[in-house]
Amino acid sequence: MKGYEYVEKADSELFSIIKGELGRQREGLEMIPSENFTSLAVMQAVGSILTNKYSEGYAGRRYYGGNNFIDMAERAAMDRAKKLFGVPHVNVQPYSGSPANFAVYMALCSPGDTIMGQNLTDGGHLTHGWKTSMTGKLFNSVPYHVKPDGYIDIDEARKLAKENKPVLIWVGSTAYTREFPFKEFGEIADETGAYLAADISHISGLVVGGVHTSPVKYAHVVTTTTHKTLRGPRGAMIMVTEKGIAKDPLLSEKIDKAVFPGLQGGPHDHVTAGIAIALLEASNAEFREYAKQIVNNSRALAKALKDNGIKLVTDGTDNHMVLIDLTPFGKGTGIFVQEALDLVGITTNKNTIPNDPSSAFYPSGIRLGTPALTTRKMKEKEMAEIGAMISEVVFAVKGYVLPEAKEHRGTYLASFRESIANDARLKDIKKRVVDLCERFPLYPELGV
Ligand SMILES: *Cc1c(COP(=O)(O)O)cnc(C)c1O
């Protein structure tokens, strides 16, 4: 395994773990929509000597000496982000998406304020006010929902905003397969005086690739992770828009102060450098093609699933993601499908669907995405193959239903696992998955 010589020498245990994970990534179909394969250039930056530096503060205003090169890296990341997204201000220091969102709260809200976001079990993110998140405990969270057809209920959102007068409204989520109505949310924010924060963590790569509407014209603040469709290292950014500065000329300073010293200490400069490289990569024509292909692949996957008897939430997709509705196979069956897919090397996650008749832990849906497979250069033809295989897996575990009584679930799942481990149909699909993966190398430059 090239590139890990020093790990091998220093720590054979961790070396074999990394090797195992590399094998898993190579030989499986990575279909978790929030995952991707970053470039070797990004990985080298993240694995570089930049990890050695402390640089609390911001470029030109640091608490430590020796930051001239770090300042250049951070400025490069900021300049590229501003240009790519068309925003006047950006903070590239958030450690990840969740802390970025916390910083937005810290900048704009006080504890007890009313906030609004898409309900978690309707596709929203934990940090948009869900009850198990600190954001649901510190603030008065008024969630909006999707309609029975799976589309965001914009009328409900408007009504709730008018009634509850939130300080902050979130738009953007983790399990939504259609265009986000940014314009409508912008109007709701204007009508009610709220700040609108668009969290484009999942779709930022699609936005810069020109295959999803940008929220920059409509929102005051835009947050995004950098490791999903944007294909950078694990990290996040908070952008302030012209509209945001028009509403509050001090908004950029408030955001910066919230990130540091409000929530964080020293920035992860090695990650900042990786973000800068990813942003450069995302600004070229090849990335636009990549983004377009993600969506084409997602549509092809949706079609293949439907052609093979699988029901989808909203009956299709506009973006990188497809949400399977398993209720025709019984409620709470996501766990059986996810585990059977895992066994054949197709990595997905069980997910709630709108009006899920089961629970968040035993949901009735499966969430799938195409960003990682598209990075491996798979196209519509492979999506048709994969859609058919997924459908075969779903039908192979048809009939397994979660026991109503909680105390019976453990033994039931154990016997389910035992029986699928020996299923000849699943073994055959596993072989087909490995064959397919071998045709699309993960990192051809490394020979893997
Ligand atoms: C992934 C995601 C986050 C959180 O990102 P982490 O890096 O996992 O903390 C926040 N919001 C949305 C919409 C996301 O999809």
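A. View of the site of the ligand. The local shell around the ligand holds 13 residues, among which Ser96, Ser98, Asp199, His202 and Lys228 are the closest. Separating an oxygen atom of the ligand from a side-chain N or O atom of Ser98 is a distance of 2.7 Å. For the shell around the ligand, the element with the most residues is helix H5 (residues 97-108), which contributes three residues. For the shell around the ligand, the residue count by class is no nonpolar, eleven polar and two charged.

B. Focus on the pattern of salt bridges. Within this structure, the stated rule accounts for 22 salt bridges. The shortest N-O distance in the salt bridge between Lys162 and Glu191 comes to 3.5 Å. Residue Lys162 is located in helix H7 (residues 154-164), and its partner Glu191 is located in helix H8 (residues 182-192); the two are separated by 29 residues in the primary sequence. When its relative accessible area of 44% is taken as the criterion, Lys162 is described as partly exposed. With relative accessibility at 45%, the residue Glu191 sits in the partly exposed group. In this structure, the salt-bridge partner of Glu392 is Arg432, at a minimum N-O distance of 2.9 Å. Pair noted here: Glu392 is in helix H16 (residues 380-396) and Arg432 is in helix H18 (residues 424-439), with a separation of 40 residues, a long-range link. Looking at Glu392, the relative accessible area reads 35%, which means it is partly exposed. With relative accessibility at 29%, the residue Arg432 sits in the partly exposed group. Several salt bridges share partner residues, and in doing so they unite Asp155, Arg158, Lys162 and Glu191 into one network.

C. Expanded view of the sheet that holds strand E5 (residues 114-118). The strand order across the open sheet formed by seven strands is E4-E10-E9-E8-E7-E5-E6, and the pairing between neighbours is mixed. Whereas interior strands pair on both sides, the edge strands pair on one side only; in this sheet they are strand E4 (89-91) and strand E6 (140-144). Each neighbouring strand pair of the sheet contributes to a mean axis angle of 20°, computed without reference to strand direction. For E5 and E6, the ladder comprises five bridges, and the chain directions are parallel. Each bridged residue has a counterpart across the sheet, and for Thr114 the counterpart in E6 is Asn140.

D. Structural detail: the domain arrangement of the protein. Each domain of the protein was delimited in the assignment, giving domain 1 (45-281) and domain 2 (296-446). Inter-centroid distance (C-alpha atoms) of domain 1 to domain 2 is 30 Å. Counting from both sides, the interface comprises 19 residues of domain 1 and, opposite them, 19 residues of domain 2. When domain 1 packs against domain 2, the two sides together hide about 1,500 Å² of surface, and 54% of this comes from carbon and sulfur. By the criterion of area lost to domain 2, the three top residues of domain 1 are Thr121, Thr177 and Arg178, representing 37% of everything that side buries. For the interface between domain 1 and domain 2, the tally reads one salt bridge.

E. Just the sheet that holds strand E11 (residues 311-312), in detail. If you walk across this open sheet you meet the four strands as E11-E12-E15-E14, and the pairing is antiparallel. Of all strands in the sheet, those with a lone pairing partner are E11 and strand E14 (349-351), marking the two edges. Here E14 pairs with strand E15 (residues 365-369) via three bridges, running antiparallel. Pairing of Lys350 across the sheet is with Ile366, part of E15. Those strands touched by helix H14 (residues 334-344) are E14 and E15, and its axis lies near 40° from that of E15.

F. Seen up close, the packing of aromatic side chains. With the rule as written, the count across this model stands at 16 aromatic pairs. Look at Tyr105 and Trp170: their rings are 5.6 Å apart centre to centre, the planes differ by 55°, and that puts the pair in the tilted class. Of this pair, Tyr105 sits in helix H5 while Trp170 is found in strand E7 (residues 168-171), placing the two residues 65 residues apart along the sequence. Of the two residues examined, Tyr105 and Trp170, each falls in the buried class. Judged by centre distance (5.4 Å) and plane angle (85°), the rings of Phe361 and Tyr362 are edge-to-face. For Tyr362, a relative accessible area of 14% corresponds to the buried category.

G. Quick look at the pairing of E5. Most of E5 sits inside the fold, with five of its five residues counted as buried. When E5 meets E7, the two strands line up parallel, connected through two bridges. Paired with Met116 across the strands is Ile169, a residue of E7.

H. Up close: the packing of H7 against H8. Interaxial distance between H7 and H8 falls to 10 Å at its minimum, and their mutual angle equals 15°. Considering the angle they form, H7 stands roughly parallel to H8. Note on packing geometry: the crossing formed by H7 with H8 is right-handed. Contacts between H7 and H8 involve Ile154, Ala157, Arg158, Ala161 and Lys162 from the former and Glu184, Phe185, Glu187, Ile188, Glu191 and Thr192 from the latter. Counted by class, the contact of H7 with H8 contains five nonpolar, one polar and five charged residues.

So, how was this worked out
Residues numbered from 1 in each chain as written. Predicted model: local features only at pLDDT ≥ 70, side-chain atom pairs only at ≥ 80, totals over all residues. Heavy atoms only, no water. Near = heavy atom within 4 Å. Polar contact = N/O pair within 3.5 Å; in protein donor to acceptor, adjacent residues only side chain to side chain. Helix = DSSP H or I, 4+ residues; strand = E, 2+ residues; numbered from the N terminus. Nonpolar A, V, L, I, M, F, W, Y, C, P; charged D, E, K, R; others polar. Salt bridge = Lys/Arg side-chain N within 4 Å of Asp/Glu carboxyl O. Buried < 20%, exposed > 50% of the residue type's maximum accessible area, 1.4 Å probe, protein only. Pairing = 2+ DSSP bridges. Axes fitted to C-alpha atoms, helices over the stretch in contact; angles between N-to-C directions. Domains from an automatic or database assignment. Contact = heavy atoms within 4.5 Å. Buried area = accessible area lost by both parts, 1.4 Å probe. Phe/Tyr/Trp six-rings, centres within 6.5 Å; stacked < 30°, edge-to-face > 60°. Parallel < 35°, antiparallel > 145°, perpendicular 65-115°, else oblique. Left-handed = near helix turned anticlockwise from the far one by under 90°.

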